[in-house]
Amino acid sequence: MFKIHAPMIRYNSAHQLSIEEFRTPFEMNMDKENRWVLLGALIPWDALARVYYSMMDADRGAPAVDARIVIGALIVKHKEGLDDRRAIEYIRENPYVQYFLGLSTYTSEAVFDRSLFTHLRHRIGAKEFDCFNREIIGKAEEIEKQVLGKGHHKKQVGHGAFPEKKQEEAVGVSPETQAAPPSCVQENKGQLQIDATVADQMISWPTDLGLLHTSREESERLIDTLHKRAPGKKKPRTYRRVARKRYLAVAKKKHRTKKEIRKGIGQQLHYLQRNIRSIHQLLDVQEADGALGWPLGRRDQKIFWVIQQICSQQKQMHTDGSHRHSDRIVNIYQPHVRPIVRGKAKGDVEFGAKLGVSLEKGFARISTISWNAYNENTDLKKQAEAYKEMHGYYPEVILADGIYGTRENRGWMKERHIRFSGKTLGRPSQTPVPYAQRRELQKERNQRNHIEGKFGQGKNGYNLSRIRARVQGTSESWISCIFFVMNLVALMKIADKAGAVFLFAFFLTAIALAAGAFYAIKERQKSRCAHLFVKST
């Protein structure tokens, strides 16, 4: 047995400890301040369960897994940044997480099979997660009303930033973006921040040469599959070894000229077109032989359709000498992904879903998920209407980039007495403005950084820039669940703030009561001394 006798080194040999001898503190009470215990007490589970069960038929199908277990498992997965398999293992090993999921006793068995995560992403989409977000926002407002009180809300920047007398003289405040008249101020409340971002898909960086090479390999696999169903027929030639050798001769070069790339694309196009014709011939032969059913499976049918579209697009671009095509496919296995030209520092093009997001008091809601590039200024009306549907009134001010400040949007906001924080159209005003007003206006515009920070939180902390789902619907569910988890984190912050305010108020009340009792004792002592003095004299 391995032993160490040095006094400054501590080590327990693996042969001296078994799992049966390991002592656990499970006989003791669990920590009430654990993060999963606190989060489980905040979430309105009943409201979320009603939304989840509204999509299911109560009279058909197998018995469903408990809604709290399902929704809680999704929260755990995205909050901890785990894949499906590791999320199930994490739940199985952590008793606090099992309590969070609503289990009454600890179990070492898996709460459900990991494949259920895929079905959940098909079942719970962006619409359902938006309903979850509305319940979370309502819970946050309830906490603020109960603990913080109506008059304790922090005054938002932009509310009353400009005095009524000098508002017309403020820089950047044109007649269409001025604050509403006094009779309408009470109708619009709050502050809404809006912006757009891209949730990047986990795909390889697409190149025309690489895309054609992968399409050619898939076409060769389909030819092999179809030939196995008719072994007596002669197998079509594919020249796969020569095609791969020519591809690697270009792809492995560190510095490739445009002429070499164009030649390589033309060669791969030639081989791919030949393989597509061979696949059609094999399908015709099997149809003529009276084969039952479609020879290709569902996945192979989709791949065959995609590689035909890629071949058509690449041939058109190769003939025209261009690099643009409408609805351009950049990945065989995720044909819904489109290139989104953004012009960011990390790259001019991003590949994923473009999101239109609104932010209110730290809570984000997705208004648009589009796989095609679009002008985000069309989201402004939709997001303002969603704000009104949620609260019953429009926001007082909208904080956004200049791209949202079109004449149409400004006119729409003016009719509803909504102020736009962006710069005015036309020439700047020649009227001098006090420094205090310019500073307040700049502070208000800087508040838009909060929504940029929310995007950074999602991409750096919750893998919003690495969406691993491969189907369009499951990717949208994945993205929506990330924003739902971030809203839960914001709810925890509000609850912590409310608890701190409550403790501070309790501390002040205790001090006031102690001070009052102290002064009361002093007064009684003074009166008693005065009474004794009078009695003695």
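The rules we used
Residues numbered from 1 in each chain as written. Predicted model: local features only at pLDDT ≥ 70, side-chain atom pairs only at ≥ 80, totals over all residues. Heavy atoms only, no water. pLDDT = per-residue confidence, 0-100. Contact = heavy atoms within 4.5 Å. Salt bridge = Lys/Arg side-chain N within 4 Å of Asp/Glu carboxyl O. Helix = DSSP H or I, 4+ residues; strand = E, 2+ residues; numbered from the N terminus. Buried < 20%, exposed > 50% of the residue type's maximum accessible area, 1.4 Å probe, protein only. 1 Å grid on protein atoms, 1.4 Å probe; cavity = no way out; pocket = protein on both sides within 12 Å on 5 of 7 lines; lining within 4 Å. Points joined across faces, edges and corners; volume = space filled by probe spheres on them. Nonpolar A, V, L, I, M, F, W, Y, C, P; charged D, E, K, R; others polar. Polar contact = N/O pair within 3.5 Å; in protein donor to acceptor, adjacent residues only side chain to side chain.

## Some details on the confidence of the model for the chain
Okay, step 1: Across the chain, the average pLDDT comes to 83, with 80% of residues at 70 or higher.
Okay, step 2: Taken as a whole, residues 150-185 scores under 50 in pLDDT and shows 63 contacts with residues more than four places along the chain or in a different chain.

## Brief notes about the pattern of salt bridges
Okay, step 1: Throughout the structure, instances matching the rule amount to 23 salt bridges.
Okay, step 2: With a shortest N-O distance of 2.9 Å, Glu89 and Arg92 are connected by a salt bridge. Taken together, the positions of Glu89 and Arg92, both in helix α4 (residues 84-93) and three residues apart, correspond to about one turn of that helix.
Okay, step 3: Among the residues examined, Arg92 registers a relative accessible area of 26% and is labelled partly exposed.
Okay, step 4: Lys235 is paired through a salt bridge with Asp224; the nearest N and O atoms lie 2.6 Å apart. Taken as a pair, Lys235 in the loop between α8 (208-229) and α9 (240-251) and Asp224 in helix α8 lie far apart in primary sequence, eleven residues in all.
Okay, step 5: Sharing partners across several salt bridges, the network here consists of Asp195, Asp401, Arg448 and Glu452.

## Some thoughts on empty space enclosed by the protein
Okay, step 1: On inspection of all chains with the given rule, the structure shows one cavity of 30 Å³ or more.
Okay, step 2: Of the pockets and cavities examined, the largest cavity occupies roughly 70 Å³.
Okay, step 3: Its residues assigned to classes, the lining of the largest cavity comprises four nonpolar, no polar and four charged.

## Some points on the side chain of Glu128
Okay, step 1: Looking at where Glu128 falls in the secondary structure, it is placed in helix α7 (residues 126-148).
Okay, step 2: Polar side-chain contacts of Glu128 include one of 2.9 Å to the backbone nitrogen of Gly125.
Okay, step 3: Sequence-distant contacts of Glu128, defined by excluding residues within four places in its chain, comprise Val51, Met55 and Arg123.

## Overview of the layout of surface pockets
Okay, step 1: The computed volume of the second largest pocket comes to approximately 1100 Å³.
Okay, step 2: As for the second largest pocket, its lining consists of 35 residues, and the residues nearest its centre are Asp208, Met317, His323, Arg324 and Arg328.
Okay, step 3: Counting only elements with at least two residues in the lining of the second largest pocket, the list comes to α8, α9, α10 (258-288), α11 (298-320), β2 (339-341) and β3 (349-360).
Okay, step 4: Classifying every residue of the lining of the second largest pocket gives 17 nonpolar, ten polar and eight charged.

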